[in-house]
Amino acid sequence: MEQVNGDTLAAARKVIAVHINYPSRAAQRGRTPAQPSYFLKPSSSLAASGSPVERPAGCELLGFEGEIALVIGKAARRVSMEDAWSHVSAVTASNDLGVYDLRWADKGSNLRSKGGDGFTPVGPALIPADAVDPSKLRIRTWHNGNLVQDDTTEDLLFPFARLVADLSQLLTLEEGDIILTGTPAGASVATPGDVLEVEVGTVDGTFSTGRLVTTVEEGTTAFADFGARPKVDDLQREEAYGSREAAGLPAVGPALSPELKAKLESVATATLSSQMRKRGLNNVSIDGLQATRPDRRVVGLARTLRYVPNREDLFKTHGGGFNAQKRAIDSVNEGEILVMEARGEKGTGTVGDILALRAQVRGAAAIITDGGVRDHSAVADLEMPTYFANPHPAVLGRRHIPWDTDITIACGGATVQPGDIIVADSDGILVIPPSIAEELVEDCIQQEKEEAFIFEMVKQGNSVDGLYPMNSEWQARYKEWEGSADD
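Here is what the cut-offs are and how they apply
- Residues numbered from 1 in each chain as written.
- Predicted model: local features only at pLDDT ≥ 70, side-chain atom pairs only at ≥ 80, totals over all residues.
- Heavy atoms only, no water.
- Core = buried A, V, L, I, M, F, W, Y, C linked by side-chain atoms within 4.5 Å.
- Buried < 20%, exposed > 50% of the residue type's maximum accessible area, 1.4 Å probe, protein only.
- Helix = DSSP H or I, 4+ residues; strand = E, 2+ residues; numbered from the N terminus.
- Pairing = 2+ DSSP bridges.
- Axes fitted to C-alpha atoms, helices over the stretch in contact; angles between N-to-C directions.
- Phe/Tyr/Trp six-rings, centres within 6.5 Å; stacked < 30°, edge-to-face > 60°.

A. Focus on the nonpolar core. Core analysis: the biggest nonpolar cluster contains 31 residues, and Ile 68, Leu 70, Trp 85, Phe 160, Val 164 and Leu 173 have the highest contact counts within it. Within the residue set of this core, elements represented by two or more residues are strand E1 (15–18), strand E6 (66–72), strand E7 (88–95), strand E10 (137–143), helix H6 (160–168) and strand E14 (195–202). The greatest single-element share of this core, amounting to 6 residues, is contributed by H6. Counting residues in each nonpolar core, the second largest holds 21 residues, with Ala 324, Ile 329, Leu 355 and Val 379 among its members.

B. Summary view of the pairing of E14. For E14, the tally of buried residues reaches 7 of 8 residues, placing the bulk of the element in the interior. With 7 bridges connecting them, E10 and E14 associate as antiparallel partners. If you follow Arg 140 over to E14, its bridge partner there is Glu 199. With 4 bridges connecting them, E14 and strand E15 (residues 212–218) associate as antiparallel partners. Bridge pairing in E15 links Leu 196 to Thr 214.

C. Inspection of the sheet that holds strand E4 (residues 52–55) at higher detail. One open sheet accounts for 5 strands, arranged E4-E15-E14-E10-E11; its pairing is mixed. The sheet is open, and its two borders are formed by E4 and strand E11 (146–152), each paired with just one other strand. Pairwise comparison of adjacent strand axes, ignoring direction, gives a mean angle of 20° for this sheet. Pairing geometry for E4 and E15, over 4 bridges, is parallel. If you follow Val 53 over to E15, its bridge partner there is Val 216.

D. A look at the packing of aromatic side chains. Going through the model one piece at a time under the given rule, you end up with 5 aromatic pairs. Judged by centre distance (6.0 Å) and plane angle (65°), the ring pair of Phe 453 and Trp 474 falls under edge-to-face. Taken as a pair, Phe 453 in helix H14 (residues 437–459) and Trp 474 in helix H15 (residues 472–486) lie far apart in primary sequence, 21 residues in all. This pair shows no difference in class: Phe 453 is buried, exactly as Trp 474 is. Ring centres of Phe 453 and Tyr 478 lie 5.5 Å apart, and the angle between their planes is 65°; this geometry places the pair in the edge-to-face category. One end of the pair, Phe 453, is in helix H14; the other, Tyr 478, is in helix H15, and 25 residues separate them in sequence. The class of Tyr 478 is buried, set by a relative accessible area of 1%. Site record: aromatic cluster; members linked through ring pairs are Phe 453, Trp 474, Tyr 478 and Trp 481.

Following this line, the structure appears as structure tokens:
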């Protein structure tokens, strides 16, 4: 196969990069674009395999992204998707490098953050485009010898032919131009001394580019005062590393400590409901559902998923592939509860056995949906409880489009926000605002102590008049009883 050389690099008048194209990356970013979007990288950013790349002086976050690069073989202007692939001469490996330290100054162009010299290594070999199926390619990236990215082009959001056709609507793709087609999950940060390797090949192993090798060096020339200078925050660190955990950052959002969870598990759902009503919170129960495991009681933080009514044209763009439903299932964490808004629609399933099993494997505490459940017997056999309106054999697409995740939703007549505390058992399902949880559960514990005293007094033959609720006389007797119980 032909090798990438100086002539290959010199022929590229444009380098065009796609923002998000792999479902795994979309799930990591928490957003799935309906259409492809692009940015330009200067041709001076191109480099061959074996070339070093400099992390600019003063920068912390040199991000790497293994990608498949398309090399345009003949000019393309207003080409169809059916004809688009014939305008690609070769595919090769690339690494879309960039410094997140300068993203703040680029306002979306990525020019400074991703346009540095050597920030687009490509190669080493060119795979002829007419010899491969573009939907059966594999991309892998190694960071210091560790495999960190491994994905295929089978379920891309935007197949390669679509990218070529789309771009050609407004601009001429010229011979030698390069299109970077997006990166899968696993992209992260490299530091001076690190070695990055990217390889593209066919899924069956027939063709391979070989490994594109880039070594990171430390820059020594500081930025001048007259231009944008490096600046990072925790958001950029999270974006660069792919997650807060990978960046070494503490978790954000409301925490459900083991102590608070244990207290919430110890008090009755009815008591929690009573105490919330005392605080003016009357619309905090998810109603009308049944449980696969009525013997179980679960407490966890809410993750949310919203379905909208099916519309065939929108289902084509949002219903297939790694859609919102699958992203929600595949990102639920240990102890979390996935709550689905299905509008109370009972005429189809909203989750089935495979996705419910995936949620259980991920460690989810429960699934709650105000819609139907498919494969009811298999779902009911899982250890993880599922709360649902009814069984139904129909597939999701009969009535629903999975639309978005981790937003405020409605389920069973209650509003649920990501991070709300959910308590569910055979008595019902409650949504607890996390800001009141500590105070609420302490009052519940106190209420149940009082009710234990009242129960004992009634058992001894006392009338409930003045006892339930307690008047001042009974309050005094309760204090004595409480004191003796504590001794």
